[in-house]
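Read off the chains here:
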Amino acid sequence: FRLKRHLRFHRAQLAHKGMGTKTDTVKFNVAGVIFEVLREPTLALHSESVLHQLAEDSDGQEPIYVEADAEIFKYLLGFLRHRRVLVPSTVSKAAVIREAATLGLTLEEGDIEQETPCLANCATRFQQVVQEGKQRVKNSKAQLLANLIIEVFLAKLGQGAAVLTVS
């Protein structure tokens, strides 16, 4: 429903302005980020998508506002170009599929390849965690030693005070 309303609004704007000559590219404004895309072949291959329909109604002179997540949108453009999506491990596959459905793109989990962190990054992070752990243990040992010294000192001080009172 949101998409149909968006298309009607966009078409009304274009009718008000009058259509000029279409450019080879179209610009999408996604949450303030401008993406420029070829009409042919990128958008034409997905004629059922909202993006294609919006582009068809545009002369390409002004960016078309698209209500979407700009971070995920760039991966969807990859899908339009290559029919596959490659996302980093920090991006949810479900979020990509949800955003694709909102834009009228048929995208399934099998179409998404998720990068795994490289072994070097894992090794570096592991070393950082080990160093942080060693520092915490070192700090804990120092704190424990300080607490023991204070306890012994207070115990000795208490014994001395008792001796002084008795004498």
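Up top is the structure these notes are about.
Only a predicted model underlies this, so the values are computations on that prediction, with no experimental measurement involved. (Residues numbered from 1 in each chain as written. Predicted model: local features only at pLDDT ≥ 70, side-chain atom pairs only at ≥ 80, totals over all residues. Heavy atoms only, no water.)

Another point: the nonpolar core. Formed by 31 residues in total, the largest nonpolar core has its most connected members in Phe28, Val66, Phe73 and Val96. Put simply, the parts of the chain that give this core at least two residues each are β1 (25–30), β2 (33–38), α3 (50–56), β3 (64–66), α4 (70–82), β4 (85–87) and α5 (93–102). In terms of residue count, the dominant contributor to this core is α4 (eight residues). Excluding anything up to four places from it in sequence, Phe73 contacts Phe28, Val30, Phe35, Leu51, Val66, Ala68 and Leu103. (Core = buried A, V, L, I, M, F, W, Y, C linked by side-chain atoms within 4.5 Å. Buried < 20%, exposed > 50% of the residue type's maximum accessible area, 1.4 Å probe, protein only. Helix = DSSP H or I, 4+ residues; strand = E, 2+ residues; numbered from the N terminus. Contact = heavy atoms within 4.5 Å.)

Turning next to unusual backbone geometry. Residue Glu40 is joined to Pro41 through a cis peptide bond whose omega torsion reads 0 degrees. Along the polypeptide, Pro41 turns up in helix α2 (residues 39–43). Of note, the phi angle at Ala31 is positive, near 50 degrees, even though the residue is not glycine. Inspection of the secondary structure assignment puts Ala31 in the loop between β1 and β2. Positive phi values are uncommon outside glycine, yet Arg83 reaches one of about 65 degrees.

Turning our attention to the pairing of β2. Remember that side chains alternate between the two faces of the sheet whenever the strand is regular. Of the strand pairs in this sheet, β1 and β2 are connected by six bridges, and their pairing is antiparallel. By the bridge assignment for β2, Val30 is matched with Val33. In textbook terms, the turn of a hairpin is the stretch between consecutive antiparallel strands, and for β1 and β2 this stretch comprises two residues, one of which, Ala31, has a positive phi near 50 degrees. (Pairing = 2+ DSSP bridges.)

For the rest of this paragraph, the subject is α4. Relative to the 18 Å expected for 13 residues at 1.5 Å per residue, α4 spans 19 Å between its end C-alpha atoms, a close match to the ideal helical length. Turning to α4, its buried residues number three or more, namely Ala70, Ile72, Phe73, Tyr75, Leu76, Leu77, Gly78, Phe79 and Leu80. Here α4 starts with a cap whose side-chain oxygen sits 2.8 Å from the backbone nitrogen of Glu71, and that cap is Asp69. Two residues or fewer past α4, Arg83 is found with a positive phi of approximately 65 degrees. (Expected span 1.5 Å × (residues − 1). Polar contact = N/O pair within 3.5 Å; in protein donor to acceptor, adjacent residues only side chain to side chain.)

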